[in-house]
Structures are given as structure tokens and as C-alpha cells.
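Per-entry structural report
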Amino acid sequence: MKSDIRVCANWETAHDRPVYALDDRCPECGGPTENSAPAPFGPEDPYGEYRRRARRRDSA
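The following paragraphs examine the structure supplied in this document. (Residues numbered from 1 in each chain as written. Predicted model: local features only at pLDDT ≥ 70, side-chain atom pairs only at ≥ 80, totals over all residues. Heavy atoms only, no water.)

1. Structural notes on the overall build of the chain
- Scanning the chain from terminus to terminus reveals two helices and three strands.
- Secondary structure elements of the chain, listed N to C terminal, follow the sequence β-α-β-β-α.
- Compactness check: the chain gives a C-alpha radius of gyration of 17 Å against a globular reference of 10 Å for 60 residues, more than 25% above the reference.
- For the chain, the spread of C-alpha atoms along the three principal axes comes to 45 × 25 × 15 Å.
- With 60 residues in all, the chain has 18% of them scored as buried.
- The long-range share in the chain, meaning contacts at least 24 apart out of those at least 6 apart in sequence, stands at 30%. (Helix = DSSP H or I, 4+ residues; strand = E, 2+ residues; numbered from the N terminus. Rg over C-alpha atoms; globule rule 2.2 N^0.38 Å. Buried < 20%, exposed > 50% of the residue type's maximum accessible area, 1.4 Å probe, protein only. Contact = heavy atoms within 4.5 Å.)

As C-alpha cells, then:
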């Protein structure tokens, strides 16, 4: 899934907070922007079994 909302790639060094945009350039500093969507879920996730096991252990 690709999001239309993008975030300034240099926000940690150039801004006090994340700056979101719809363009390829940041409206405040003119720097590049990157996709703000989280990485997609993959069924072949090699660590998924360990993550689910840890979640079950924490909730029990």
C-alpha cells in the first residue's frame, strides 16, 4: 500500500516536529520527502513466529 501523504526526510534535523506534505519536496525546508506509510505485512516474515510467541507470553 502506498500512501499519498509524505513526510520530510530531514525532519529530525531540520524541524521540531514531523512535517507532512503531498509533494516530493518539503514545503518548509525544500528537502526531499518520503513515504509515511508503515511497511506492509508480509506472510513470509521470518520473525513473525517469535513476535507472536512473545505477545502471547506477555498477555498470559
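That was the structure; now back to the text.
2. Examining the environment of glycine 48
- Mapped onto the elements, glycine 48 comes out in helix H2 (residues 48–59).
- What makes glycine 48 buried here is its relative accessible area of 3%.
- Measuring from C-alpha to C-alpha, the distance between glycine 48 and aspartate 16 comes to 34 Å, with 32 residues separating the pair along the chain.

3. A short note on the pattern of salt bridges
- Counted according to the given criterion, the structure contains four salt bridges.
- The partner of aspartate 24 in a salt bridge is arginine 6, and the shortest N-O contact between them spans 3.7 Å. With aspartate 24 in the loop between strand S2 (20–21) and strand S3 (33–35) and arginine 6 in strand S1 (residues 6–8), this residue pair connects regions lying 18 residues apart in the sequence.
- Judged by its relative accessible area of 52%, aspartate 24 falls in the exposed class.
- Judged by its relative accessible area of 16%, arginine 6 falls in the buried class.
- Glutamate 28 serves as the salt-bridge partner of arginine 17, at 3.9 Å between the closest nitrogen and oxygen. Placement of the pair is arginine 17 in the loop between helix H1 (11–14) and S2 and glutamate 28 in the loop between S2 and S3, with a sequence separation of eleven residues. A single burial state applies to arginine 17 and to glutamate 28, both of which are exposed. (Salt bridge = Lys/Arg side-chain N within 4 Å of Asp/Glu carboxyl O.)

4. Regarding the environment of tyrosine 20
- As for its position among the elements, tyrosine 20 is in strand S2.
- We classify tyrosine 20 as exposed; its relative accessible area is 51%.
- In this structure, the C-alpha to C-alpha distance between tyrosine 20 and proline 40, residues 20 residues apart in sequence, is 20 Å.
- Residues within four places of tyrosine 20 in sequence aside, it is in contact with Ile5, Arg6, Val7, Pro27 and Ser36.

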